[in-house]
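This is what each chain is made of:
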Amino acid sequence: MSYKTILVHVDESDRSNLRVKFAAEIARKEEAHLIGTAVTGISRFIYQDGNISASDPNLTIHLNFLRERAEKAVDEFNKIVEHIGVASHESSIANDEAGGGIGLQARYSDLVVLGQTNRDEPSPSVLPDFPEYIVLNSGRPALIIPYAGEFNTVAKRPLISWDASREATRAVTDAIPLLKKADLVQVAIFNTKSTPDAHGEQPGADIALYLARHGIKVEVSVHKTSTDIGNALLSLAHDLDSDMIVMGGYGHSRFREMIMGGVTRTILESMTVPVFMSH
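Residues numbered from 1 in each chain as written. Predicted model: local features only at pLDDT ≥ 70, side-chain atom pairs only at ≥ 80, totals over all residues. Heavy atoms only, no water.

*Asks:* What should I look at first to understand the pairing of strand β9 (residues 244–248) in this one?
*Replies:* On a regular strand, each side chain points to the face opposite its neighbour's, so the side chains alternate between the two faces of the sheet. The buried count for β9 comes to five of five residues, which makes it a mostly enclosed element. Along β9, one buried face is formed by Met-244, Val-246 and Gly-248 and the opposite face, lined by Ile-245 and Met-247, is buried too. One ladder, built from three bridges, connects strand β6 (residues 158–161) with β9; its direction is parallel. Each bridged residue has a counterpart across the sheet, and for Pro-158 the counterpart in β9 is Met-244. Here β9 runs beside strand β10 (residues 275–278); their pairing, made up of four bridges, is parallel. Bridged to Gly-248 within β10 is Ser-278. (Buried < 20%, exposed > 50% of the residue type's maximum accessible area, 1.4 Å probe, protein only. Helix = DSSP H or I, 4+ residues; strand = E, 2+ residues; numbered from the N terminus. Pairing = 2+ DSSP bridges.)

*Asks:* Got a minute to help me understand the sheet that holds strand β1 (residues 5–9) in this structure?
*Replies:* Taken together, the ten strands give an open sheet; going across it, the order is β3-β2-β1-β4-β5-β10-β9-β6-β7-β8, and neighbouring strands pair in mixed fashion. Of all the strands in the sheet, just β3 (89–94) and β8 (218–223) have a single pairing partner and so form its edges. Strand-to-strand twist across the sheet, computed as the mean angle between neighbouring axes with direction ignored, equals 20 degrees. In the packing of helix α3 (residues 98–106) onto the sheet, contacts are made with β1, β2 (33–39), β3 and β4 (111–115), and the angle to β2 comes to roughly 160 degrees. Along the sheet, helix α4 (residues 130–137) contacts β1, β4, β5 (142–145) and β10; its crossing angle with β4, the most-contacted strand, is approximately 165 degrees. (Axes fitted to C-alpha atoms, helices over the stretch in contact; angles between N-to-C directions. Contact = heavy atoms within 4.5 Å.)

And the structure:
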């Protein structure tokens, strides 16, 4: 299996170029077609009947500004991917907010690359729950790049958060094209006694064997923590010098996680390395 179509969200944020570079490198190695899509957010200013009110000249100026922002973003995308040498690529602009525009196009892609929400850098076209929306609604894996930190590599030393859930299974399977190119894959399992039936007598043995059959070099570690698993996972990623976390997203209902907290919420808010997430 391999990625043949990769979609990356581009905009004028400080981290857009980093997202494009990571997406371009993956596309080049996978010989995949890369699509860079910018969104204008204009749909948020359009009436339900599809007409834009022309009575307010300030609105027209604002809509033109949004379009110009998107055009600059795709121009920068094209420069980067041509420099990196991606053989097959295209750019597009969607007159929608990011969730709708990227979410729809993601369904025709194998992987979506996007950014972590930075609440200190709000955007008229990107709602705060954009990453969550894509993970839950696109049906595709998302590689989420943090809004802070320096990253020279992705998926050379990935860390899998394994809890034997459906979501984790989906994430591991979706990540196989990246995992096969890794130097070493670490599998971390937390608090196995809380779900003994899921892990069996030798926690991690089955997932390690599954990955090994794909030619993936893997090591398994079992951990016990009384703290939040999300923070324990981030701490372990730091200790192992991991450059990507692979995990399932929203094993419980999204409402429950947003109200009561959860691993997904912790990671999306506090990630320190890129996160590969599937639901």
